[in-house]
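Descriptive analysis of the structure
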Amino acid sequence: MNASVLRTQLSGVLRRPGRLLLTGLSVLVAAFVVAGTVLAYSIVTRTTLDTFSATPEQADLVVYAGGGEPLSPQQVAEIRRTAGVRESTGRVTASFTVGGAGTGNDLELLADPGTGPLSRIRLVSGTYPGSGRQIAMDRRAAARLGTTVGGTLRLHPGGPDGKPVTVTVTGVVDGPRDSAERAWAPEATVAALSGEAGFARVEVIAADGADVTAMMDGLSERLLRDPQAYVSITTGEAMRVREARDAVRQFDQIFALVAMFVAIAVVAAALVATSTFRIVFAQRLRQLALLRAIGAQRGQLVVALAVEGAVTGLVTGTAGVVLAGFAGLSAPAIAGAFGRTLTGPNLSVFSAVAVVAGATLLTAGAVLAPAFAAAGVSPLQALRSASTLSAERGIATPRLVGGLLLVVATGGMGWLTARSMGSSEALLYLVGVGALAFGALIVLGPLLIRPVLAVAGWPLRRLGATGRLAVSGIGGTPRRAAAVSVVVALGVTMLAGTVVGISSLQLWTDRTMAARTPADLAMIAESPSGFDQAVAGVRADPRFRDVTPFRMADFSSAAGGFTHGAIAIDLTAMPTMRTLEVAGGDVSALGPGKVILSSVAAEDFDAGVGDVVTLGTVRAEVVAVLTGDGPLRTGAVLTDGDLAALGHATAGVLADIGTGTRDEAVAAFRRIGAPAGAEVAVLADERDKADGEISSLFAAALGLLGLTVLIAVVGVGTTTGLSVLERTREFGLARALGLTRARLRVMVGMEAGLYGLIGAVLGIALGVPMAWLTLESLRLDLPLTFPAGRLAAIVVAIAAITVLTGLLPARRAARVSPVAALAVD
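Rules behind the numbers
- Residues numbered from 1 in each chain as written.
- Predicted model: local features only at pLDDT ≥ 70, side-chain atom pairs only at ≥ 80, totals over all residues.
- Heavy atoms only, no water.
- Helix = DSSP H or I, 4+ residues; strand = E, 2+ residues; numbered from the N terminus.
- Buried < 20%, exposed > 50% of the residue type's maximum accessible area, 1.4 Å probe, protein only.
- Contact = heavy atoms within 4.5 Å.
- Areas by Shrake-Rupley, 256 points an atom, 1.4 Å probe, with all protein chains shown as cover.
- Salt bridge = Lys/Arg side-chain N within 4 Å of Asp/Glu carboxyl O.
- Axes fitted to C-alpha atoms, helices over the stretch in contact; angles between N-to-C directions.
- Parallel < 35°, antiparallel > 145°, perpendicular 65-115°, else oblique.
- Left-handed = near helix turned anticlockwise from the far one by under 90°.
- Nonpolar A, V, L, I, M, F, W, Y, C, P; charged D, E, K, R; others polar.
- Pairing = 2+ DSSP bridges.
- Patch = residues over 30% accessible without salt bridge, like charges linked within 9 Å, V, L, I, M, F, W, Y side chains within 5 Å.
- Polar contact = N/O pair within 3.5 Å; in protein donor to acceptor, adjacent residues only side chain to side chain.
- pLDDT = per-residue confidence, 0-100.

1. Some points on the overall build of the chain
For the chain, the helix and strand inventory stands at 27 helices and 21 strands. Out of the 825 residues in the chain, the part that is buried amounts to 48%. In the chain, 81% of the contacts between residues at least 6 apart in sequence involve partners at least 24 apart. Counting only carbon and sulfur atoms, one obtains 60% of the accessible surface of the chain, whose full area is about 37500 Å².

Here it is in structure tokens:
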């Protein structure tokens, strides 16, 4: 009997391959995502190993300092005197700031010969520096710092004892890029400008016929005579492999994060598969009842249905892996068409088999609950027509009690989270809150459908009979609607939480940048002499607006324990400075003998509003304390008279760009008649960099979270398609009563959209509080936000996407003939 029942179920599956694919579509997508992630990691790793290296290909030997101290000039000379050395170059990087304190752009100056086999750069324009205070700018750095060939830059060394130096830009180059802006010069120039005579490493090209191994032995003997010398010697090839592997390691954390989101997508696929099997088995209750009537036991049906689920997972998992393999093999060709180079993936049979096995086990597990429920059908059910099978609208008492217990547990875990804010346990409690809350949503979902549908479906009911039919179609099967909407809610919960977190980060960044970079451009001169004419020239130029002069000076505490910068500026002159946030007091109360402190300065002084502090030689009453830095990263805001009492002050002017491009404005700002030695900083670049980092973070999060949303959307499409198959008679009756094909298509599309709309509402209701709790419990000091516009866009987008997934089932429903549909039993 077992074999007969199993053959009956499997033969039904094989007769309808389309339904098998539809049932396991979410598993197929999940298998494709998992296998695709494995192949993507392989492609990235192999491409990096093949193409990345900071060491030129022609370098035969690399000698580098291993203990933090650079190679001394004596050691470098010893390397170059070694027999067999044909050519060598030293590598060193010096860090500078272009512009004044608090307003400059970071610049890395790297040593490179400029030409020859050991050079890592290519000259684009001008000439490469030959001697003296000359540098070549990276193309990106030149554009961002607003300099061209023949221009000059004022470089401030990073150390406290370094003196600023003016250099001439002789050329523009292309070279390896980093997050910092870069410039290049010969090794002697970099050493002279930085004040460091040694090198971090020396690269060597061996003469033709030279024995590289003997050269290494000789260098080791001479360089390691001093037991305190920390010098390492390796071949160029070994160094290139090491650098490539180090570069690969940075992707490990990225793919670990991706793996976490992929795991969540797999959970979503399991939930979708469970919902889909429940629908499929409900459509076959009469067949299952007939099997029970002729003697099949419940356990036999459970086994047969579980095997059916495993077969579905095996087929769809294999299909997903095969599609991912084709995509991986096609990636190098596609990248080549866009001028990129990618190395093909390593197709691991073990990984492919593991993904297929995982898909099979996942589907077999997802089918168990629907299988047990369907196998318990009464044999008498076989005497009823399929159209009279009633849908179970409520939930059983044990499930209700379990759901309420989960709600209570969620509240208890939230209380623990609130008590442990800022501790290491907070993150663990947060995970518990999220898991318990989502579990409660799964269990109590059918009870939430009708209240949510009453609100979300109100606009559709106003559209007439079509809208009312769509709403009633969802409300008539609350368990099904809950099963599908909960998966959508999982994706939207994470999406809404991420949007709230990113919005809070954006608001904090905007407030911080309002103080640190209050304008697009800044000009600072060590001496105020002649600076008034420069300010007048900037004001007269229509390319600039909101021109605001200022003065800056440094002050120390009475005990000399700390030093801050002070600024005298009109806080109402620039739009960004009007948004400075205060922790206490009133910035408009600033006047003679009054001071506004930054949060750090207030902490250093241990002072609050109303206290009197001593800033160098000036005593002033604190009238306001800011939540962050003062303008241009200063610690205090004073009046002009009080600032003058501090002693030597620098003069400056801020301006926003009114008309023209940024490059044109920067060039005009430099030419406008600034005093000799005045420095120009493009503050807008720093602001754009911060905004770009947040935008990149947001885009990456959307891409990762899109995996779960994709699985949820597939679930909506599958559910809608299966619903159309089981409601053929209902649609035929509606057509016979006068519902047109167009209205029937609209109705089915509305039902699909309602699945997404309900899930989006539930997801936002869960995701926003979770995001707030996360920000507060982790003590991130970010403001809590409610980005209503973005959240509304998520709801609209999810509803629209799910409507699109219902278009194909809607077309199928509209093609049904009323006569044929009414003949269906």
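2. Notes on the pattern of salt bridges
This structure, assessed with the given rule, holds 18 salt bridges. A salt bridge links Arg 81 to Glu 78; the nearest nitrogen and oxygen atoms lie 2.9 Å apart. With Arg 81 and Glu 78 both in helix α4 (residues 73-81) and 3 residues apart, the pair spans about one turn of that helix. Asp 629 is paired through a salt bridge with Arg 516; the nearest N and O atoms lie 3.0 Å apart. Remark: Arg 516 occurs in helix α17 (residues 478-516) and Asp 629 occurs in the loop between β18 (618-626) and β19 (636-637); sequence separation between them is 113 residues.

3. A few points about the packing of α4 against helix α7 (residues 212-223)
The interhelical angle for the contact between α4 and α7, taken along N-to-C directions, is 150°, at an axis separation of 10 Å. Accordingly, the angle class assigned to the pair α4 and α7 is roughly antiparallel. In terms of crossing hand, the pair formed by α4 and α7 is right-handed. Together, Gln 75, Glu 78 and Ile 79 of α4 and Leu 219, Arg 222 and Leu 223 of α7 make up the contact between the two elements. For the contact of α4 with α7, a count of residues per class yields 3 nonpolar, 1 polar and 2 charged.

4. Concerning the packing of helix α16 (residues 465-475) against helix α24 (residues 741-777)
Between α16 and α24, the shortest axis-to-axis distance is 9 Å and the interhelical angle comes to 50°. As the angle between them shows, α16 and α24 are arranged oblique. For the element pair α16 and α24, the recorded crossing hand is right-handed. Counting all contacts with α16, which are made through Thr 466, Gly 467, Leu 469, Ala 470, Val 471, Gly 473 and Ile 474, the residues of α24 involved are Arg 743, Val 746, Met 747, Met 750, Glu 751, Leu 754, Tyr 755 and Ile 758. For the contact of α16 with α24, the class distribution of residues is 10 nonpolar, 3 polar and 2 charged.

5. So, the pairing of strand β21 (residues 679-682)
Of the two faces of β21, the one lined by Glu 679 and Ala 681 and the one lined by Val 680 and Val 682 are each fully buried. Across 4 bridges, the pairing between strand β12 (residues 521-525) and β21 is antiparallel. Looking across to β21, one finds that Met 523 is bridged to Val 680.

6. Let's talk about a nonpolar patch on the surface
A contiguous nonpolar surface patch, about 340 Å² in accessible area, is contributed by Leu 427, Val 431, Leu 778 and Leu 780. Along the chain, Val 431 turns up in helix α14 (residues 425-456).

7. Here we look at the environment of Arg 245
Assignment of secondary structure puts Arg 245 in helix α8 (residues 236-283). Residue class for Arg 245 comes out exposed when judged on its relative accessible area of 51%.

8. Quick word on the side chain of Asp 174
Structurally, Asp 174 can be placed in strand β8 (residues 165-174). Side-chain polar atoms of Asp 174 contact the side chain of Arg 139, separated by 2.4 Å. Apart from the residues within four sequence positions on either side, Asp 174 is in contact with Arg 120, Ile 121, Arg 122, Val 124 and Arg 139.

9. What to know about the sheet that holds strand β2 (residues 85-91)
The pairing of strands in a sheet happens through backbone hydrogen bonds and is either parallel or antiparallel. Across the sheet, 4 strands lie side by side as β2-β10-β1-β11; this open sheet has antiparallel pairing. Either end of the sheet is taken by a strand with one partner, and the two such strands are β2 and β11 (231-235). Averaged over neighbouring strand pairs, the angle between their axes works out to 20° when direction is ignored. As paired strands, strand β1 (residues 61-65) and strand β10 (residues 201-206) are joined by 4 bridges and run antiparallel to one another. By the bridge assignment for β10, Val 63 is matched with Val 202. Taken strand by strand, α4 contacts β1, β2, β10 and β11, and its axis lies near 155° from that of β2. Lying over the sheet, α7 contacts β1, β2, β10 and β11, oriented at roughly 180° with respect to β11.

10. Section: the pairing of strand β17 (residues 612-615)
Going residue by residue along β17, you find Val 613 and Leu 615 tucked away on one face and Val 612 and Thr 614 left uncovered on the opposite face. Examined bridge by bridge, β17 and β18 share 4 bridges and lie antiparallel to one another. When the sheet's bridge partners are listed, Val 612 is paired in β18 with Glu 621.

11. What to know about the confidence of the model for the chain
Across the chain, pLDDT averages 81, with 89% of residues at or above 70. Taken as a whole, residues 386-392 scores under 50 in pLDDT and shows 8 contacts with residues more than four places along the chain or in a different chain.

12. Some points on unusual backbone geometry
Positive phi is not limited to glycine here, since Asp 546 has a value of about 50°. With respect to the element layout, Asp 546 can be found in strand β13 (residues 544-556). Within the chain, Asp 606 stands out as a residue other than glycine whose phi angle is a positive 55°. With respect to the secondary-structure elements, Asp 606 resides in the loop between α19 (599-605) and β17. Note on Asp 606: relative accessible area 69%, which makes it exposed.

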